[in-house]
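Listed below, chain by chain, are the residues.
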Amino acid sequence: MQRIYLDNAATTPLDKRVLDEMLPYFTEQFGNPSSIHFYGRKPKAAIEKARKQVAGYLNVSPGEIFFTSGGTESNNMALNAAVYSLGVKRIITSKTEHDCVLNTSLHLAKAGVEIVFVPVDGKGNIDMNVLQQLLQDTKCTLVSLMHVNNEIGTITNIAAIAQLCEHYGAYFHTDTVQSLAYFSFDLQQLKVHFLSGSAHKFHGPKGVGFLYINSQINVQPMFYGGGQERNMRAGTENVPSIVGLGRALELAQQETASTLAHFLLLRNEMKQQLAQAIAGVEFNGAQENVFAKILSVSLPPHAKNEMLLMNLDMAGIAASGGSACSSGTEKGSHVLEAIGADESRKSLRFSFSKFNTIEEVTTAAKVLANIF
């Protein structure tokens, strides 16, 4: 059976060129980067090279990049740091954020932090007028809004949000886990205080990410122990994965134009195939201001809807119903609920990578049409 992987918003396959860069740090370059002898110096240099790669991509100082275990840890660190180091009393976010932002916010609410959800429209766009009104309150505030929605692909205008936050004196955190490596970020122009990223979304390894922390703010350590990550995150560094993150980001930068064009080709082909084959098919989220890597498909009510994902998998097609972090639960998508999606319809998320082909997309569309 031919298997086709179209769940790249959940994770992407590791690029072999990234693996090749990582392998020496599992074997001959195995030293602890905190050691001052020969075996520690090369791993330490490799970490700092990766840090410079990330910093160069964002146009920031390497000292503002802190490696983590991934997007969830980075987002947790940002929100907790805002509250416990910066004195934030209110977090403005949206109900379409990733669970790690929503659940961290709800946890902080137990400590007395006010949580305010800015409305979104039926395509997942933030209501900028309401956000501006909320920011007129002088309470110490963190705005935490993602750049690209991981379920529907809608792109948020984080530049406009950053300008509002700067004007009203609010802190700004953006989760760029889905968009990092596919968009340009110049943090000398885009004024953010925290920015999160994760390697496995752009063909790097799982279990590694980073948090950018603007050097103009003073944040206390999140983990205590040794002096790793300039005393911010104690613990021996995951050297192979950090090396992989740097290499994956480097490759993604080199291939950005071709990758984005390929995403658009695949997305348009799948939309066209499904529109022709399935009566009543619709597409969730924005269709113009959207990241072409993601296509959220809304299918009309049908007796086979509840078994669609399983039947697709049995036919060799890997897709999802939404965020992979919520898989295995009976809970519906909080993103689709927030944008007012029709509960009687079934939504599937297809998401693409540079390794997918037109033939795979065409095959997947035909398989879905035949099952449906």
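Scroll up a little and you will see the structure.
Residues numbered from 1 in each chain as written. Predicted model: local features only at pLDDT ≥ 70, side-chain atom pairs only at ≥ 80, totals over all residues. Heavy atoms only, no water.

A. Main features of the overall build of the chain. Assigned secondary structure in the chain consists of 10 helices and 12 strands. Here the chain has a C-alpha radius of gyration of 21 Å; the compact-globule value for 372 residues is 21 Å, and the two agree. Judged by the C-alpha coordinates and their principal axes, the chain covers about 65 × 55 × 35 Å. Split into buried and exposed, the 372 residues of the chain put 57% on the buried side. When contacts within the chain are restricted to residue pairs at least 6 apart in sequence, long-range pairs at least 24 apart make up 73% of them. A distance of 4 Å separates the average location of the 31 positive side-chain charges in the chain from that of its 33 negative side-chain charges. (Helix = DSSP H or I, 4+ residues; strand = E, 2+ residues; numbered from the N terminus. Rg over C-alpha atoms; globule rule 2.2 N^0.38 Å. Buried < 20%, exposed > 50% of the residue type's maximum accessible area, 1.4 Å probe, protein only. Contact = heavy atoms within 4.5 Å. Lys, Arg positive; Asp, Glu negative; His and termini not counted. Charge placed at Lys NZ, Arg CZ, Asp CG, Glu CD.)

B. The arrangement of the pattern of salt bridges in detail. Following the criterion strictly, the structure yields 15 salt bridges and no others. For Asp 20, the salt bridge is made with Lys 16, and the minimal N-O distance between the two is 3.3 Å. Taken as a pair, Asp 20 and Lys 16 lie in helix α1 (residues 16-22) at a separation of four residues, close to a single helical turn. Exposure remark for Asp 20: the relative accessible area of 39% places this residue in the partly exposed category. A cluster of three or more residues bridged by salt bridges with shared partners is formed by Asp 15, Arg 17, Glu 255 and Lys 354. (Salt bridge = Lys/Arg side-chain N within 4 Å of Asp/Glu carboxyl O.)

C. Representation of the environment of Ile 213 in the model. Here Ile 213 is to be found in strand β8 (residues 209-213). Residue Ile 213 is classed as buried on the basis of its relative accessible area of 6%. In this structure, Ile 213 is in contact with Glu 64, Phe 66, His 193, Phe 194, Val 219 and Met 232, ignoring residues within four places of it in sequence.

D. Focus on the state of the cysteines. Counted under the stated rule, the structure contains zero disulfides. Not engaged in a disulfide, the cysteine Cys 140 finds its nearest cysteine sulfur in Cys 165; these two sulfurs lie 12 Å apart. (Disulfide = S-S within 2.5 Å.)

E. Region of interest: the environment of Phe 263. Of note, Phe 263 is situated in helix α7 (residues 239-277). Judged by relative accessible area, which is 0%, Phe 263 ranks as buried. A C-alpha to C-alpha distance of 7.1 Å links Phe 263 and Ser 353, two positions 90 residues apart in sequence. Setting aside chain neighbours within four positions, we find Phe 263 in contact with Tyr 182, Phe 291, Ala 292, Lys 293, Phe 352, Ser 353 and Lys 354.

F. Representation of empty space enclosed by the protein. Scanning the entire structure with this criterion turns up two cavities of 30 Å³ or more. Lining the largest cavity are 13 residues, and of these Phe 202, His 203, Ala 252, Glu 255 and Lys 354 lie nearest its centre. Sorting elements by how many residues they give to the lining of the largest cavity places α7 first, with six residues. Its residues assigned to classes, the lining of the largest cavity shows seven nonpolar, three polar and three charged. Space inside the second largest cavity adds up to approximately 60 Å³. Looking at the lining of the second largest cavity residue by residue, the class counts come to three nonpolar, six polar and one charged. (1 Å grid on protein atoms, 1.4 Å probe; cavity = no way out; pocket = protein on both sides within 12 Å on 5 of 7 lines; lining within 4 Å. Points joined across faces, edges and corners; volume = space filled by probe spheres on them. Nonpolar A, V, L, I, M, F, W, Y, C, P; charged D, E, K, R; others polar.)

G. Quick peek at the sheet that holds strand β6 (residues 171-175). Strand order across the open sheet formed by seven strands is β2-β8-β7-β6-β5-β3-β4, with mixed pairing between neighbours. Strands with a single pairing partner mark the edges of an open sheet, and in this sheet they are β2 (65-68) and β4 (114-117). Strand-to-strand, the axes of this sheet are offset by a mean angle of 20°, without reference to chain direction. As paired strands, β2 and β8 are joined by four bridges and run antiparallel to one another. Its bridge partner being in β8, Ile 65 is matched across the sheet by Tyr 212. Packed on one face of the sheet, helix α5 (residues 128-135) meets β3 (90-93), β4 and β5 (141-144) and runs near 175° to β3. (Pairing = 2+ DSSP bridges. Axes fitted to C-alpha atoms, helices over the stretch in contact; angles between N-to-C directions.)

H. How the structure looks around helix α3 (residues 71-84). A rise of 1.5 Å per residue sets the reference length of α3, with its 14 residues, at 20 Å; its end C-alpha atoms lie 20 Å apart and thus fit the reference within 8%. Within α3, 11 of the 14 residues are buried, which leaves it mostly tucked inside the rest of the structure. Those residues of α3 that fall on the buried side of the exposure criterion are Gly 71, Glu 73, Ser 74, Asn 75, Met 77, Ala 78, Leu 79, Asn 80, Ala 81, Ala 82 and Val 83. (Expected span 1.5 Å × (residues − 1).)

I. Inspection of the pairing of strand β10 (residues 294-299) at higher detail. The element β10 is largely enclosed, with a buried count of six among its six residues. Burial of the side chains of β10 extends over both faces: Ile 294, Ser 296 and Ser 298 are buried on one face and Leu 295, Val 297 and Leu 299 on the other. Note that strand β9 (residues 282-283) and β10 share two bridges and pair antiparallel. Bridge pairing links Glu 282 to Ser 298 in β10. Here six bridges tie β10 to strand β12 (residues 346-351), and the two strands are oriented antiparallel to one another. When the bridges of β12 are listed, Ser 296 appears paired with Arg 349.

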